[in-house]
Structures are given as structure tokens and as C-alpha cells.
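The chain contents come next:
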Amino acid sequence: MKTFQLVAPALYLGTSVVAFAPVKKNIISYRTNVGNEVHSFLLPETRKESPISIYAKGPNEEATDGSSDLRQLLGVKGASETNDIWKIRLQLTKPVTWIPLVWGVMCGAAASGNYHWMWNPFDPNDRDVLLGATDAAKGLVAMILAGPFLTGYTQTINDWYDREIDAINEPYRPIPSGAISEGQVIFQIWALLLGGLGLSYGLDVWAGHDFPVVLALSIFGSFISYIYSAPPLKLKQNGWAGNYALGASYISLPWWCGQAVFGELDKPVYWILPILYSIAGLGIAIVNDFKSIEGDRAMGLNSLPVAFGVDGAKYICAGSVSLTQLGVAAYLYSIGEPTYAAILIGLILPQIYFQATLLLPDPIANDVKYQASAQPFLVFGILATALCIGHHDFAALA
């Protein structure tokens, strides 16, 4: 692979140090689900009210459809309670959020045009079992890196720095509920981070890289995850910066990781297309902010629904998701790939329909339903774009 320079900011990981500005603060109290204990924390003075006391919304209500144990392992609402520390650790990593990263790695592998099957039913020249098994193993390791390790690190560190706001929005989460100790959380953060960086370097060695591009991407992504959640930068306090960082982490970084493992990142389009899709990811991140608007206001977080109101934010969300994909479809058509462009348009139209029928009428009530209805079309559109790039002959355009 050609050597190229990636400049990554220095990685500072003082996970147990929080900087406090000398400003007036309100005292917030919340009650945990374990032992009915009361804890307090300081709320920056962002509103005009006198000191207030906010209590957590109450214990998590277990799902009654028999899925509560599965929900606990996936780290979603409606989970059952457990004292098993390993189940709690897994819950803290929110395995349900690994899926987009794993998908992103797969898209990057497809975009490389160099992933080999053990037995490709569409190409008789791509049926080398040993080569296919090797690529499958590389892909699996890259997915473990992107999902359990680095997404697990991101979710754990985010929950650590969100422990106060989670006491308002999601008091049943492991940290505000008291199910896991401070020391155990800090250990998990470091174990996942260092394990992920070690795994990323191993992938670079396996792929024969002159420059450790996967390690560089992992360091950069881990740095973004840290400043997204932690003071003093805390990107999530700013709706634009925070949501784009989230979109890039879920789409661009795993795409680049997958493509670097199997190919090269030696053309501008390999960088630009994932960045454009990250703008669509920004829109998806806005959907997740609607349900947290109460806690975000209380904590002074300037999410887009807080900054622009629900009505303004829902149109920003719909526009960023739809216009970005339409732009990508136009690009595919311009490079002589009308079939892929038509496929992408076919996947965009249902998303626009669900925006009109679910997102725009009531984004708070319909957030989950909209995500479940529209996102499959978005992620298959990303895969279709990656397959197009992987099979396109760029040399013919030169």
C-alpha cells in the first residue's frame, strides 16, 4: 500500500479528571434504582431558575413481551435487571449500536473491490477457498475492532460522562442506577481502548501496510469519541459538531477501516463519499436527540432540537438525510453508473415517504418507528454505493 500521511491530534485520556469553570451552579439530586440511594451533582448555570431538585423518572419498566433479557444484553430500554457484572459490562457497551459499525466495515470491504469470496456464485474467477477464508477472517477481526472494542469504548466513555444527564433521561442505565462502580467503569474504558488499538495494529501488520493506517484511524476515532463526550470540548454540547462527529464515527471511519484492510485509500472519492454519507448520519443523530430534549435543556446541551426547536430540527434532519443521498446518486450517474444511481433513487424514495408520514408529523412520538422504517433503506443505499465504487473502472475515466 502506498504510504501517505495522516495527522491525528494528540490523544488525551484523563478519564477521571473533569475541569470545572468558576461559574455559579445549581445542585441536582437524583435517586438510583439500587438501595433507593440519593446522589447529587452540579449543574452549570444555564437557566434562570433557582436551585432545583430533579429526581430520576423512576425505575426501568421491563418489557412484558419476553424480550427483557435480550434487551438487557443489547443495552436498550425495557431491559431486565441483573447483578451479573459481565452482563452489566456488556450492557454498558450497547451492543445494539455495534451493528452500523459492522455494516460500515462491510461497505468499506465492498468499496475496495478486493474482497474475495470462498465461492462466489456470480463470478467463477472468485472461488479460491483459502483466499476467501483469509479475507473472511480479516473482515471478522475488523468488525470486532469496530464493534465490541471501539464502539464499546465509545459507549462506555459516553455513559461515564453522561451519568448525570442519564439520571434524568435514562436512570436505569448501569452507571446512574449504581449497578457498576466507578473503578470498574474506568477499567473497562481503558481495556476496550487499548485492546482496540492493539487489534488495529495487528490488522495493519496482517494487511502488509507500510503506514499503519488502521491504527491511525482507530486513534483518531478514539480521540473524536473522547472529545465528543468529555469536557472541556464535549462536542455533543454543540448540535452541529456533535451530530456530525457521531455520523462520521458510524459511517466514515468503519468504511475507511474496511477499505484499508482490503485495498487502498488512494483516490479522493474514497474519502469524499463516506464524508457525504456522514452528513446523512448527522440527520439520523438528530432523530436520537428528540427523545432527550428535556434532559439536554436541563444540562445546557445545545442539541439541534434545543437550538432550533422540534419543528426546525425535523426539517434539518429530513433535508440532510435526503439531499445528501440524492447528491451521491447524481455522482454515480455522472461517472457512468446509471443502474446503481437508479437503485439508490429507489432506496431514497421510501425514506422520503417515511419522513413525510412519520418524522415530520411528530418526530418525538414516531422517532423509533421512523428509524426502524427508514434506516434499512439508508444502509442498503450505502452498501449499493460501496459496491458501485468497488466495481467501477476509474482508470477508464482517466
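Look up a bit, the structure's there.
Presented here is a report on the structure given in the accompanying data block.

Considerations on the side chain of Ser225
Structurally, Ser225 can be placed in helix 7 (residues 213-229). We classify Ser225 as buried; its relative accessible area is 7%.

A short note on empty space enclosed by the protein
Here the structure, examined in full by the defined rule, presents three cavities of 30 Å³ or more. In this structure, the largest cavity encloses a volume near 240 Å³. Around the largest cavity, the lining comprises 17 residues; the ones closest to its centre are Leu101, Ala146, Leu150, Ser249 and Leu253. Elements with a minimum of two residues in the lining of the largest cavity: helix 4 (129-161), helix 7, helix 8 (239-250) and helix 9 (252-262). In terms of residues, the lining of the largest cavity owes the most to one element, helix 7, which gives six residues. Of the residues contributing to the lining of the largest cavity, the split by class is 10 nonpolar, seven polar and no charged.

Notes on the packing of helix 3 (residues 98-112) against helix 9
Here helix 3 crosses helix 9 at 40°, and the two axes come no closer than 6 Å. Taken together, the axes of helix 3 and helix 9 are oblique relative to one another. Remark: the crossing between helix 3 and helix 9 carries right-handed chirality. From helix 3, Leu101, Gly104, Val105, Cys107, Gly108, Ala109, Ala111 and Ser112 reach across to helix 9, where they touch Pro254, Trp255, Gly258, Gln259 and Phe262. Residues of the contact of helix 3 with helix 9, tallied by class, amount to eight nonpolar, five polar and no charged.

Comments concerning the pattern of salt bridges
Scanning the model with the defined rule gives six salt bridges in all. The shortest N-O distance in the salt bridge between Lys234 and Asp162 comes to 3.9 Å. A residue pair is termed long-range when its members are at least 10 positions apart, and Lys234 in the loop between helix 7 and helix 8 and Asp162 in the loop between helix 4 and helix 5 (163-169) qualify at 72 residues. Relative accessible area serves as the criterion here: at 7%, Asp162 is assigned to the buried category. One connected set of salt bridges, linked through shared partners, spans Asp162, Lys234 and Lys236.

What counts, and where the lines are drawn
- Residues numbered from 1 in each chain as written.
- Predicted model: local features only at pLDDT ≥ 70, side-chain atom pairs only at ≥ 80, totals over all residues.
- Heavy atoms only, no water.
- Helix = DSSP H or I, 4+ residues; strand = E, 2+ residues; numbered from the N terminus.
- Buried < 20%, exposed > 50% of the residue type's maximum accessible area, 1.4 Å probe, protein only.
- 1 Å grid on protein atoms, 1.4 Å probe; cavity = no way out; pocket = protein on both sides within 12 Å on 5 of 7 lines; lining within 4 Å.
- Points joined across faces, edges and corners; volume = space filled by probe spheres on them.
- Nonpolar A, V, L, I, M, F, W, Y, C, P; charged D, E, K, R; others polar.
- Axes fitted to C-alpha atoms, helices over the stretch in contact; angles between N-to-C directions.
- Parallel < 35°, antiparallel > 145°, perpendicular 65-115°, else oblique.
- Left-handed = near helix turned anticlockwise from the far one by under 90°.
- Contact = heavy atoms within 4.5 Å.
- Salt bridge = Lys/Arg side-chain N within 4 Å of Asp/Glu carboxyl O.

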